[in-house]
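Notes for the structure review
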Amino acid sequence: MQIQLTQNRESPYQIIYPYAPSPSEMYAAKQLKKYLFAITGAMLPEFQDNRHTEDAEIVIGYTNRGGYTEEDQKALGNEGFLIKTAEKKIFIIGSGVRGALYGVYTFLEKYCGCRFYTNDFERIPRNTNLSIPAIEEDRQIPVFMLRNSYWHSVSDTEISAKLKINGDYGRERFPDKVGGDVHYDGGFEHTIGWLAGQCPYGERAWSQPCLTSEETYQTVLSNVRGLLKKNPNADFISITQNDGDGGACKCDRCRAINEAEGSEMGTMLRFVNRIAEELGEEYPNVLFDTFAYRFTRKPPKITRPAKNVVVRLCSIECCFRHPLDECAVAPAHENAESFAENLREWAAIAPNLFIWNYTTNFTNFPVLFLNLEALRKDVAFFARYGVRGVFEQGNIASLNGEFGELKGYILARLLWDPYMSRETYIEYIREFIRDFYGAGAEYIETYLQMVLDSSRDAHFGIYFDDPTQYVYIRDCKNILDGKREFVRRGTELFDAAEAAAEDDRTLANVRRSRIQLYDYIDFTLRAQIEEAATEKEKAAYQEQLIENNKLRFLYMRRYSVTHNHEFHNIESLSDPDYATHCLLWKCPGEE
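Residues numbered from 1 in each chain as written. Predicted model: local features only at pLDDT ≥ 70, side-chain atom pairs only at ≥ 80, totals over all residues. Heavy atoms only, no water.

Moving on: the packing of helix 14 (residues 479-500) against helix 15 (residues 504-531). Two numbers describe how helix 14 lies on helix 15: the axes approach to 10 Å, and their chain directions differ by 155°. For the element pair helix 14 / helix 15, the angle class is roughly antiparallel. The way helix 14 lies across helix 15 gives a crossing that is left-handed. Across the interface between the two elements, L480, K483, R484, F486, V487, G490, T491, F494, D495, A497 and E498 from helix 14 touch L507, V510, R511, S513, R514, L517, Y520, I521, T524, A527, Q528 and E531 from helix 15. Of the residues belonging to the contact of helix 14 with helix 15, the class tally is 11 nonpolar, 5 polar and 7 charged. (Axes fitted to C-alpha atoms, helices over the stretch in contact; angles between N-to-C directions. Helix = DSSP H or I, 4+ residues; strand = E, 2+ residues; numbered from the N terminus. Parallel < 35°, antiparallel > 145°, perpendicular 65-115°, else oblique. Left-handed = near helix turned anticlockwise from the far one by under 90°. Contact = heavy atoms within 4.5 Å. Nonpolar A, V, L, I, M, F, W, Y, C, P; charged D, E, K, R; others polar.)

This is how it looks when you write it as C-alpha cells:
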C-alpha cells in the first residue's frame, strides 16, 4: 500500500503537533513543512492538536491523536522515536526533547529521499507526486547516550541535529529548538589541574596532583561543588587527569595504592568515587567522569567505578588502520597493552563506560589517513560491550584537505546505528561520494580504493608526518617506485575528477580533497631529491616541489583549510617558504 502525500504540488495533509509544544516539537513541525515544500512544492498547513481531526494528518510528538502507549513513552526516552502509519495518518512519535525532531529528520531521509551531509551541503530531491509506503513500525532508540562526531564539516547546530549528534564539545551550546545537548560543565578534558588549583580555569597543568592528599581532595570537592551550585542540572562533571604520559604521583601513599591495584588508575578511581559518593545524593542526576588514558588505561584490580561514575577509555596509542579488536599493534608505544582487552575488562566492571576514539592524524591534518575499513567495526565493537557514550575526535578546527567531510558524516551515522551492516555502510559512503563529488565520483571512489589497497599491511597511529612510509603501490620493484606510481595514478584520478566537475561547488570539493595528494607528492619528491644521482636532477625535483607546494597553499587558502596540524592556524600566512614542508610554515610573529 502506498500513501500519496502530494499530487501535482498539492496535498490534503496537515501537520499536527502538541497543543503546548516544546521548542523542539515546534521546530520539528516547521522543518517538516520546509523540506516537504522544497521536495514537492506543496505547502502543508500546521496546527496544534486542539484542531478537529482529519484523515490526512502527519502527527508529530505526543498528541491527543494517540498512536502510542505509556510503554512507548518510557521506552523511547528523550531521543528515541517511532514512525508508523494508520490508514492515511502518519505518526512521528517521540519526546519534546529530541525524539520528535530526530523522527522528523529520519522520515525526511528514509521515506522522502533527503540526505543531510555537512554544514552547508544536503541533497533534497524534487518530486511533486510524493508517496510513501505504509509503515507498520519504524522504532529507533539510540544505543549511545552521548554521540559526538568531532569534525568541522558537521559542527553547526543544524547539521548536528539532523545527524543526531548530541555532544556539544567543540561546538556552541545547542539551543532549545533542537532539544539542547549533552554537556560537560567545567570542561571536557584534563580538568584536574584547575580543579586542584594547579592552574587557572581554561589552562592545563602537565604534572599530576597527589590524589591521596586531603588538601587536594578538599580543593577539588569545593570546586566541583561550586560548579554544581551554578549548574544543578548538569549532565556531566569531568574530573580527568592532566595530559601527558609522565605517570601518577609517586609519593609513598599513592605508590602503595597503585601497586596494590596493579594500575595507576587506582588512586584516580578512588578519588573520583569519593567525590561521586559525597555529591551523589545532592545531585542524583549528575555523572562524574574520569579518564582511562595512557597510564590509567588499565583497570585496577580492587576498586570498581561507582554507579554515578563514567570511565572514559581513550585509544590514543592504537593502530587506526585496522579495527581495534583485530589489531593489537600500538605504533610508537611498544609496551602498550591491548586496547581491546582493556575495553573488555572495563566493560565487565564499569556501569558507565565511554570511549574517546581518534579518527585523524593530529601531526599533519591533510595527510592520507584512510581508516574507513576500521570505523564501522570499531563502533560496533564499542556497542557490543555496552559502551554508553562515544566521542570520535577528528579535526573540528577547520575543513581538512583529506576526506574529513565523509568521515564526519559516516561517523555520525554509525553513532546512531552502531550495528549497521557492511552493505549499508558501503552504500552510505558511495552515496556521499556520488553527491559530494558529482560526475567525478567514480574517480574519487577509485582513488579511495587505491589508498586502502596500498596500505592494508600498514600500522599507523595519530602522530606522523610522512604518509609515504605507509601508503605506496605494493607491487613495484622498490618502495620509491611504489611512491612514484601512487603519485602517477593519484594525479590521473584527481585530474579526471576535476575535469568532470559540473559546478564550482563540486570542483571545490574535489580540490579540497586533493590537498592530501599534494602532501603525499611533497614527501615523494623529497625522497627523490635524496636519491638523485646528479645536482641537475636534484634541482629539477626541487623545482617540482616548489610548484607542488604553491598549488597546495593556493587550494588550502581558497578552500578554507586553515589548520595544517593541531593547534596551528595558518590563516594569517601569505607568503610561505614553498621549499619547506607545510608543517614547517610559520605565520608572522612565530619563531
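Core analysis: the biggest nonpolar cluster contains 181 residues, and L108, I239 and F288 have the highest contact counts within it. Ranked by residues supplied to this core, first place goes to helix 15 with 9 residues. When neighbours within four sequence positions are excluded, I239 is seen to be in contact with T191, I192, L195, V220, V224, M268, F271, V272, I275, F288, D289 and T290. L76, L82, F91 and I93 belong to the second largest nonpolar core, which has 7 residues in total. (Core = buried A, V, L, I, M, F, W, Y, C linked by side-chain atoms within 4.5 Å. Buried < 20%, exposed > 50% of the residue type's maximum accessible area, 1.4 Å probe, protein only.)

Per the stated rule, a full pass over the model turns up 49 aromatic pairs. Measuring from centroid to centroid gives 5.5 Å for F121 and F436, while their planes differ by 75°, and the two rings are edge-to-face. In this pair, F121 sits in strand 8 (residues 121-123) while F436 sits in helix 12 (residues 422-437), placing the two residues 315 residues apart along the sequence. The pair F121 / F436 is uniform in exposure class, with both members buried. One residue, R51, lies across the ring of F47, its end atom 3.8 Å from the ring centre. Over the aromatic face of Y217 sits the side chain of R274, whose NZ or CZ is 3.5 Å from the ring centroid. (Phe/Tyr/Trp six-rings, centres within 6.5 Å; stacked < 30°, edge-to-face > 60°. Lys NZ or Arg CZ within 6 Å of the ring centre and 35° of its normal.)

Read across the open sheet, the 6 strands follow the order 3-2-4-6-5-10; overall the sheet is mixed. Only two strands of the sheet have a single neighbouring strand rather than two, namely strand 3 (46-48) and strand 10 (138-140). The mean angle between the axes of side-by-side strands here comes to 15°, regardless of whether they run parallel or antiparallel. The sheet contact formed by strand 2 (residues 14-17) and strand 3 spans 3 bridges and is parallel. Across the sheet, I16 pairs through a bridge with F47, a residue of strand 3. (Pairing = 2+ DSSP bridges.)

Don't take any of this as a statement about function, it's just geometry.
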